[in-house]
Structure formats: structure tokens, C-alpha cells
Amino acid sequence: MTHSDRKTPLEARRSAALSGRVRVPGDKSISHRSLILGALAVGETRISGLLEGEDVLNTAAAMRALGARVERQGEGAWTVHGVGVAGFVSPAKPLDFGNSGTGCRLAMGAVAGSPVTAVFDGDASLRSRPMRRILDPLEQMGARSSDGADGGRLPLTLHGARDPVPIVYRTPVASAQIKSAVLLAGLSAPGVTTVIEKEWSRDHTELMLRHFGAEVSSEPEGPHGRKISLKGQPELKGAAVVVPADPSSAAFPMVAALVVPDSEIVLTDVMTNPLRTGLIKTLREMGGQIDELNTRRDAGEPMAEFRVRASRLRGVEVPAERAPSMIDEYLVLAVAASFAEGTTIMRGLQELRVKESDRLAATADMLRVNGVKVEIDGDDMIVEGRGHVPGGGLVATHMDHRIAMSALMMGLASDLPVKVDDTAFIATSFPDFVPMMQKMGAEFA
Ligand code: S3P
């Protein structure tokens, strides 16, 4: 999916108390995985609550092009009839993943285990992101790549392995995308494929593989790491998947409710997988009033309702080992830190440089143009909170949905309005973001 060159700016203004009860859209990570595993399974997969954002729709289109039957039955309700492990066909046209690193990298893993050839492409943001980290292990397993510009950038052609070999792979960075790509390729290899990561990254692929019938073991490795092993060539069977609300999307109204005076909101069905809740933990340490009202489990993932009340926040230090559990939330945490009293130090943020944009630089710019003192020291970001934010800045979003949403949340409580240059990319992960926030009382113009 491509966007037109015409940008759609928006301004957020200081708003009265936010209130209401909302369910943010389905989790993006789980949505991608449900389509990909559904495509690799035999029989029918029924998905409810699928995120119908552009990133996920691109993955749905890619799975169709690879031979699966993927159908929308109603709002968020989708069925997939898969082709079985190693059963993909070569797509007639390049697979366009738009803005989505997750869709692209997980699909590369899945394709690497089928004897097919596929061209992978994406938008300017995705074309700038590193793919070598995925291609290295997939080539060890027998896949081949060609055409990629330096460092394995898109567009590139991937030739899946005819006889994939199982490997033991130590990931160079804690990345669920690398781990997932290796495990998905390992599905068609005989024997056991193992991934060892220094820090435990989100485990949705492991959980969902089990849910579809694969044998996956997971055990601690070192102080923060994990060793995951998959027994190859399972018969994956289509399954029912319930997609909980995305904690990474809930993060925006959550922070807004904390910083807009007198707010009180309830966020329902939010996934509480502990490998995704680093932001909630951090906001609570800052003094945020976030109550977990009830917890339940549906199709493998836990979820809960959260009541969030406006709070006086104070600066904290966020340790580097927490990064994998809140990697997409540092932008909006930086917004919360700007409204806090005192210094917030966020450590170990090197991975932010290779997301949809260079989020380390973009977050610092977002704060600076709005009068907040911020410093980047190596891989750490240090924000000087002064209890209020002057605002008045124009924020460059760099084709990055999370910069746009974070900056708009800042504007709801800053002294002067905050403007973003483009809201188009919000549709990749949170299509109803603007109307949903307006329903709670957010003022945009
Ligand atoms: C994701 C993993 C993370 C995250 C991304 C979604 C996933 O990327 O930033 O938005 O669904 O596996 P990395 O694994 O590269 O850190």
C-alpha cells in the first residue's frame, strides 16, 4: 500500500479531561502471526479481532499471493485456508509490505522454508531498514537472496530452500522478528531448530506455534535470555485465534489520560503478556495511577481491563534489559517523561535507530521543537521533565505512525498546540485513532 505525496497535517490542542471506555484495535504482532501461521497450516483458521490496519492487510495480501485462501467475513473476522508447511507457491508479482518490518521479516522466514522464489518490497521507510539480520540465518538454513542493495535492503529476491537445514542460531540483537523468521523457516527443516537470544523478546510466535500444534520448548538462558527450540516438520492444524487489544496502541490513550488533568479512562481487553508490558511497569514507577481491573486468558494470551487516571508523574531510570518489553513505547514514554517532574533516563535504545524511522533522533526532535530539554548520550535518552510542556512545535513524522500519535498526545496537555506534518501513516496500525481519541475528548484541528 502506498501513500500519496500529499501530506495530511493535524494539530492537537490542550483538552479538557479525557473520559470513556474504549477498546483499541487488535494487536499487530498477533494479527500478522495469525495470518502467516494460518497460511502455513492445513485446514481453516478463524481469526476474530484482527487489526485491519494497512500493515496487516499487506500481510494478508502476501499470504494470498503465496497460495493461501484469506477471506474477510466481517469486521475483524477473517478465515484462512492454508497450504501446509513448505506448501507456498511462487507469487506472480512482488510482495509489497508497505511500511511493515514485521510482516516482511516474518514472511521472509516463512518463504525461506518453501522451494519458491519471491520478491520482497516496501515503501521508502521499509526500503531503508536492514534485512541482513534476517537473511544471515535464513541463508545458513539454505535460502538464497539476490538483488538486495548494500546491507540487504529491499527490494530483494528470496529463493526458499529446497532442503532446509535446522540450525542453532544466536541472535545478534534481541529481536522477535529475527527469532520468528528462524522458527518459521525451521518449520520445514527436519530436526530441531534452536534460537538463543540474550534478552527475551516477545514470544507470540512460540505461543501461537504451539496453539497450531507444533512442539516448541522455551527455557531461560543466562540472566535475561532465552533458548527456544522447535521440532521441525510438524503438521500445523488451522486453529481459532482471538486477537486481544494491542498494548502498543493502548499506550497512546494511556499516556494521554495520565497527563491531561482530571482524566479517567478505561481501556478494555488489553493484552498483558509480560513481554509487552514494560511501559505499564515504568509508568507505574513514575507514579501513574493504572489499575488492572480484571484479567482473563483467551486462546493463549492474557488480557485485562485498565483504569487510567490523571497523575503527577516523576522521572525514573528505565534499565536497558526492559527494552524488549517496551521497544515500541519509548516515544510515548518520552512524552510522559516531558510532563513529569525530574529526569527520566532510558537506557539501551540502540534498536530504536532501525525502526520505521530513526526513532531515537526523531523522538529527541519531537521534544526539542516543543521546548523540552532532551539529550542522547550513546544509546541512552535523557529527558528533563519540568511538570509542563511549552508545545508550539511542528513535528516531522518521517513516515512513522508512532511519532505522529505520540506528538498528538503531547499536544493534548501542552501549553501551546502541537502540530504533526503528516497523519497518513497512523493507518498502518491504528486506523480509528483520531475519532477514538476525539470521542474521549481530545481536541484536534
Ligand atoms: C515485533 C517486534 C519488534 C517490534 C515490532 C513488532 C514483532 O521488532 O518493534 O513493532 O511483532 O515481532 P524487533 O523484533 O525487530 O525488535
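Please read all numbers here as calculations on a predicted model, not as lab measurements. (Residues numbered from 1 in each chain as written. Predicted model: local features only at pLDDT ≥ 70, side-chain atom pairs only at ≥ 80, totals over all residues. Heavy atoms only, no water.)

**A word on the domain arrangement of the protein**
How big an interface is tends to be stated in terms of accessible area lost as the parts join.
Point 1. Each assigned domain of the protein is listed here: domain 1 (3–26 + 244–444) and domain 2 (28–242).
Point 2. On a C-alpha basis, the centres of domain 1 and domain 2 stand 28 Å from each other.
Point 3. Between domain 1 and domain 2, the residue contacts involve 29 residues of the former and 30 residues of the latter.
Point 4. The three residues of domain 1 that bury the most area against domain 2 are Leu275, Pro324 and Thr428, which together make up 22% of that side's buried surface.
Point 5. Scanning the region where domain 1 abuts domain 2 turns up twelve residue pairs in polar contact (both at pLDDT 80 or more). (Domains from an automatic or database assignment. Contact = heavy atoms within 4.5 Å. Buried area = accessible area lost by both parts, 1.4 Å probe. Polar contact = N/O pair within 3.5 Å; in protein donor to acceptor, adjacent residues only side chain to side chain.)

**Thoughts on the sheet that holds strand 16 (residues 289–298)**
Point 1. Here we have four strands laid out as an open sheet, ordered 2-15-17-16, and mixed in their pairing. Among the strands making up the open sheet, the edge pair consists of strand 2 (19–22) and strand 16. Pairwise comparison of adjacent strand axes, ignoring direction, gives a mean angle of 15° for this sheet.
Point 2. Pairing of strand 15 (residues 264–271) with strand 17 (residues 301–309), which is carried by six bridges, proceeds in the antiparallel orientation. Across the sheet, methionine 271 pairs through a bridge with methionine 303, a residue of strand 17.
Point 3. Sheet contacts for helix 8 (residues 247–259): strand 15, strand 16 and strand 17; angle to strand 15, the most-contacted strand, approximately 165°.
Point 4. Its contacts with the sheet put helix 9 (residues 278–285) on strand 16 and strand 17, and the angle it makes with strand 16 is roughly 155°. (Pairing = 2+ DSSP bridges. Helix = DSSP H or I, 4+ residues; strand = E, 2+ residues; numbered from the N terminus. Axes fitted to C-alpha atoms, helices over the stretch in contact; angles between N-to-C directions.)

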